[in-house]
Amino acid sequence: MEGKNIFLCGVVEGFYGRPWSMEQRRVLFQWMQRWGLNTYLYGPKDDLKHRLLWRELYTAEEEVQVKTLISEAEARGLSFVYALSPGQDIIFSSSCDLSLLKRKLKQVAELGCKAFAVLFDDIDHSMCQADKEAFSSFAHAQVSVTNEIYSFLGEPPIFLFCPTEYCDSLCSPSVAKSPYLITVGEDLLPGISVIWTGSKVISRELSADSLSEVRTVLQRPPLLWDNLHANDYDSRRVFLGPFKGRPPGLHGHLHGLLLNPNCEFEANYIPLHTLGSWHRSGSEDKKDDAEQYCPERALDTALLDWMEELNQSLLPGRQVRSNDHKSSKASSKSQSSESATDGSKTADPKPTKTSSEPPKKEDTTAHLSSSGGKQESPTPVYSNGDQASRADTQASTRSLVEKPQGRGLVTGKNPLSESQVRLLVGLHYLPHEYGPAAKSLLQDLTWLKANCQCVSANGNKKKALPQKVEEWRSRAAQFLASCDQMALLHEGVVNSVNRAVLYDLYPYVWDLRNTLLVARAFVSWLEGRILSDSSSSGSWKNCFHWCGTTSGSELLGVEAEPWAFKGGLCGEMQLLLPMGTSTELFIHPPPLFPSARLYNIRPFHNKDKMELYRMVRQLQQRSQGPPDLSVIHPDFFGDRCLGAALALCPEYSFVLEDELGVCGCVLGIQDVRHFAKRWQASWLPAMRDKYSSQAPGSSGHTSTKETLQCLQEEQPDYPDSLLYHFPSQLRLDALPELVDCSVSRSLLTALLTALKANGSRGVFCEVQPMDQLRMEFLTKLGFLEILRVEASAREGLVLGRLL
């Protein structure tokens, strides 16, 4: 394909992170051919021989793969552009380095490559002393080497150069006055195209006017390296929305446009599908407005096509299940024969284990990795409070524990509905724009937070108009319903037939599910429990006065890059909560095995007491053996572990429930001093009456005495120095032990959020020294050892954290 007179439009694999697999690139080429795209640039930052070890030649085995990739791209009518990034350590004046650069590119050229790129992005401007003596400027050094390489390769029709100043914001002092760009424009050979990203590294919008200045300085139309859907800068964001903010009229002002998409291959179907629509609308004469590119219409078309893709039974890495070939008629047009070559050899996957498709051998070239997706997601997380005993102890009683691949819930038999896919896209839309569902969540939570005084526990009832209270309740119900939809989406993704999509998107869906678990619990807790006169120094109300309907980057007062505000929707939802700045409570790796189980965290209700008592009694029996029921009252363990907190401060108790009912809880005490007085005045006398009337057995008097002594030991005297900084206490006797320990974290975070909302500045918790799992769990949530309890009847560690 001649590149000098054609608009180059396609994909650049140029992100930081694990490169795509060979199989994923084959599928990519199929997509590109189908959608009218024509160029693929190979330049993954984490392929060592592309960037860090650029001097090293490919091995014979690697040569075969590179040659195969080039051949397959050409067979699809695509231009394959091989990019090299030598800028980190090249000595421009070194004849040795220049020879090594030529040798490397010659090797690739002999494999059939006819298009090249030399990239000098994201490097330091400084030069070594030898280069300073040989060249007048940094730009001159780069241009000199690039021109020589271009000539050495025979002036190929497609040859790209990425400058170090590759967008408006990186130019010093400006685009028009940048000595660097002026040198590039004047000295770079005219057959070489210059890469540009727009006004920013990630440009929200591009226009012909915004490109005219750089085109004048470079003395040629730039080629746009578009980072609109790139997500390698934020591990909590993925972008499923349409190609947007680039009018089709840009074709006449650019040499081409290459989209640098999400690291996760499966996340790029809609971005690339809509890019193809944009390219076709700009390359054809569209006089009818109905035929002009419209991102919303393009999204609708792409989404319907993606539905077919999502209903294919694929393993991670785009391999087809061997037992599903008969039902793949709809996929025959999109899957070539090579897509399924390994399907018959592959067993049912572990969808979230990054090593489920390990490379055959260790190698320095990351591009040979055979498993797609993000390097760190999903990864095992069995090291903190995720006590595997629940897998053994409760599987037989309630089948509560999530099961590994191939069994139980994670079977991958259900297709996602169109409404679920639209919700998925809307929640993970674009870096500068949220979809309707995300906007609604943020607006509702912001409004509920700002108006919660009308439903406070101690507010002025005369000032709270009934209409305002009803409006608050209506908005709260709407918010809770949206959270429930997200929980069902999480279940749908985990149970979807397409495990390749699960592998790539699960960490993001899982992260948002957990954030909304906490937000939902907090909104449920607000009515009748939030105090409207909390201390201004400790209250959450004054921490987030800047929150509104704008996006996070806009809150900074300037049009910042998206990475200036991390987390996207999850980050903004998090910061609307009292504990939102404590990232250790919200950010953690996903579980090894995904679970479709539906969870809900909510405030304690009196009807939960019997179930919680039963659960604590069973936990005690498992740890210490069955008690002698003739001398132990059935309520004893519940009264000892939960009773006082549930009776005296139930507003700081949260329960976790699944489809089968209550499966865990955490209890909180807002003011330990005040609680101790009430405990002494009312709770302990009530327990004396309850257990003194216990029918005596052969040793009834002894058991009653021991029971009362155990209950009395549950409320020790804590020093004032401790309670000054940590006035609140946690009780974790019924904290669930799940395979997905993030649910337990969310449960605890919901309680900390409530305590912080009502003015607590610190919280502590007692842990037995031998309970290492619980220690690790709390330590990873920011708790530190602050006291050792060495009373005669009890021994433990006191862990605390400030709120």
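Novice: I'd love a proper account of the overall build of the protein, names of residues and values included.
Specialist: Scanning the protein from terminus to terminus reveals 22 helices and 17 strands. For the protein, buried positions account for 59% of its 803 residues. On the protein, roughly 31,700 Å² of surface is accessible, and the fraction owed to carbon and sulfur atoms is 52%.

Novice: So what's going on with the pairing of strand β2 (residues 39–42)? Residues and values would help.
Specialist: Because side chains alternate across β2, one face comprises the buried residues Thr39 and Leu41, and the other comprises Tyr40 and Tyr42, equally buried. Of the strand pairs in this sheet, strand β1 (residues 8–13) and β2 are connected by four bridges, and their pairing is parallel. Note on β2: the bridge partner recorded for valine 12 is leucine 41. Between β1 and its parallel partner β2, the chain crosses via helix α1 (residues 22–35), and the hand of that crossover is right-handed. With four bridges connecting them, β2 and strand β3 (residues 79–84) associate as parallel partners. Bridge pairing in β3 places threonine 39 opposite serine 79. Each parallel crossover has a hand, and for β2 linked through helix α2 (residues 60–75) to β3 it is right-handed.

Novice: An account of the side chain of threonine 749 is needed here, citing residue identities and associated values.
Specialist: Position of threonine 749 among the secondary structure elements: in helix α21 (residues 742–757). In contact with threonine 749, not counting residues within four places along its chain, are Val518, Leu585 and Phe586.

Novice: Give a detailed account of the nonpolar core, specifying residues and quantitative values.
Specialist: Core analysis: the largest hydrophobic core is formed by 207 residues, its most contacted members being Tyr82, Trp306, Phe479, Leu642, Phe654 and Leu730. Not counting residues up to four positions away in its chain, the partners in contact with tryptophan 306 are Leu240, Glu266, Tyr269, Ile270, Val421, Leu424, Val425 and Leu505.

Novice: Report on the packing of aromatic side chains, specifying residues and quantitative values.
Specialist: Under the criterion given, the structure shown has 22 aromatic pairs. With a centroid separation of 6.3 Å and 55° between ring planes, the pair formed by phenylalanine 7 and tryptophan 278 is classed as tilted. Taken as a pair, phenylalanine 7 in the segment before β1 and tryptophan 278 in helix α8 (residues 269–283) lie far apart in primary sequence, 271 residues in all. When sorted by exposure, phenylalanine 7 lands in the same class as tryptophan 278, which is buried. An aromatic cluster is present here, built from Phe15, Trp20, Trp31, Trp35, Phe265, Tyr269 and Trp306 joined pairwise through their rings. The ring of tyrosine 16 carries the charged tip of lysine 45 above its face, separated from the ring centre by 5.4 Å. Taking the ring centre of tyrosine 58 as reference, the NZ or CZ of lysine 104 above it sits at 5.0 Å.

Novice: Describe the pairing of strand β6 (residues 193–196), listing the residues and the values that go with them.
Specialist: The alternating pattern of β6 places Ser193 and Ile195 and Val194 and Trp196 on opposite faces, both of which are buried. Inspection of the sheet shows strand β5 (residues 158–162) paired to β6 by two bridges, in the parallel sense. Following the sheet pairing, phenylalanine 161 is matched in β6 by valine 194. What joins β5 to β6 is helix α6 (residues 179–187), and the crossover it makes is right-handed. Considered for its hand, the β-α-β crossover made up of β6, helix α7 (residues 208–218) and strand β7 (residues 223–226) is right-handed.

The rules behind the values
Residues numbered from 1 in each chain as written. Predicted model: local features only at pLDDT ≥ 70, side-chain atom pairs only at ≥ 80, totals over all residues. Heavy atoms only, no water. Helix = DSSP H or I, 4+ residues; strand = E, 2+ residues; numbered from the N terminus. Buried < 20%, exposed > 50% of the residue type's maximum accessible area, 1.4 Å probe, protein only. Areas by Shrake-Rupley, 256 points an atom, 1.4 Å probe, with all protein chains shown as cover. Pairing = 2+ DSSP bridges. Right-handed = clockwise from strand over helix to strand, strands pointing away. Contact = heavy atoms within 4.5 Å. Core = buried A, V, L, I, M, F, W, Y, C linked by side-chain atoms within 4.5 Å. Phe/Tyr/Trp six-rings, centres within 6.5 Å; stacked < 30°, edge-to-face > 60°. Lys NZ or Arg CZ within 6 Å of the ring centre and 35° of its normal.

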